[in-house]
Amino acid sequence: MNSAMEKRKGRTLVGTVISDKSDKTIVVRVETLIQHPLLKKYVRRHKKCTAHDPNNECGIGDKVKIVEYRPMSHNKRWHLVAVLEKAV
């Protein structure tokens, strides 16, 4: 199923799990660097994405890869592809 997920069209993001309290759901914090238009300084921006974790395999602090997917609930529009790095 993961190989089929990777072949899907849509955005792929890498982020850190900040919550795994819900059943089969994780909240992932995705950070991006943008350049300030006037100051030319790089600023960190972040957003929280709610992703589907079918096997409840993620824990807080894990680095994960998520892919855009069909809406599964009111807020869930992402699906877990892989756990890149487990938290210590």
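Everything below is about the structure shown above.
Now for a description of the structure that goes with this document. It should be emphasised that the depicted structure is a prediction, and the values quoted were computed from it without experimental measurement. (Residues numbered from 1 in each chain as written. Predicted model: local features only at pLDDT ≥ 70, side-chain atom pairs only at ≥ 80, totals over all residues. Heavy atoms only, no water.)

**Quick word on the overall build of the chain**
Step number 1: If you tally the helices and strands in the chain, you get 1 helix and 5 strands.
Step number 2: For the chain, the N- to C-terminal ordering of α and β elements is α-β-β-β-β-β.
Step number 3: Expressed as lengths along the three principal axes of its C-alpha atoms, the size of the chain is roughly 45 × 30 × 25 Å.
Step number 4: Surface summary for the chain: the accessible area is close to 6,300 Å², and the carbon and sulfur share equals 50%.
Step number 5: For the chain, the separation between the mean place of its 19 positive charges and that of its 9 negative charges on side chains is 9 Å. (Helix = DSSP H or I, 4+ residues; strand = E, 2+ residues; numbered from the N terminus. Areas by Shrake-Rupley, 256 points an atom, 1.4 Å probe, with all protein chains shown as cover. Lys, Arg positive; Asp, Glu negative; His and termini not counted. Charge placed at Lys NZ, Arg CZ, Asp CG, Glu CD.)

**Brief notes about the sheet that holds strand E2 (residues 25-35)**
Step number 1: Spatially, E1-E2-E3-E5-E4 is the arrangement adopted by the 5 strands of the closed barrel, whose pairing is mixed. Here the average twist between neighbouring strands, direction ignored, is 45°. (Pairing = 2+ DSSP bridges. Axes fitted to C-alpha atoms, helices over the stretch in contact; angles between N-to-C directions.)

**Some words on the side chain of His 52**
Step number 1: Tracing the sequence through the fold places His 52 in strand E3 (residues 42-52).
Step number 2: Its relative accessible area of 12% is what places His 52 among the buried residues.
Step number 3: Non-local contacts of His 52, meaning those with residues more than four positions away in its chain, are made with Lys 24, Met 72, Lys 76, Trp 78, His 79 and Leu 80. (Buried < 20%, exposed > 50% of the residue type's maximum accessible area, 1.4 Å probe, protein only. Contact = heavy atoms within 4.5 Å.)

**Focus: unusual backbone geometry**
Step number 1: Even without a glycine there, the phi angle at Lys 40 is positive, about 60°.
Step number 2: One can find Lys 40 in the loop between E2 and E3.
Step number 3: The phi dihedral of Asn 56 is positive, around 50°, even though this residue is not glycine.
Step number 4: Secondary-structure assignment places Asn 56 in the loop between E3 and strand E4 (63-68).
Step number 5: The class of Asn 56 is partly exposed, set by a relative accessible area of 40%.

**Some remarks on the environment of Thr 25**
Step number 1: As for its position among the elements, Thr 25 is in strand E2.
Step number 2: Look at Thr 25 and you get buried, because its relative accessible area is 14%.
Step number 3: The sequence separation of Thr 25 and Pro 54 amounts to 29 residues, and the corresponding C-alpha distance is 7.7 Å.
Step number 4: A distance of 3.0 Å separates the side chain of Thr 25 from the side chain of Lys 76, its partner in a polar contact. (Polar contact = N/O pair within 3.5 Å; in protein donor to acceptor, adjacent residues only side chain to side chain.)

**Structural notes on the side chain of Asp 62**
Step number 1: Mapped onto the elements, Asp 62 comes out in the loop between E3 and E4.
Step number 2: Within the local environment of Asp 62, its side chain forms a polar contact with the backbone nitrogen of Ala 87, the two atoms lying 2.8 Å apart.
Step number 3: Leaving out residues up to four positions away in the same chain, Asp 62 has contacts with Gly 15, Thr 16, Val 17, Glu 57, Val 83, Glu 85, Lys 86 and Ala 87.

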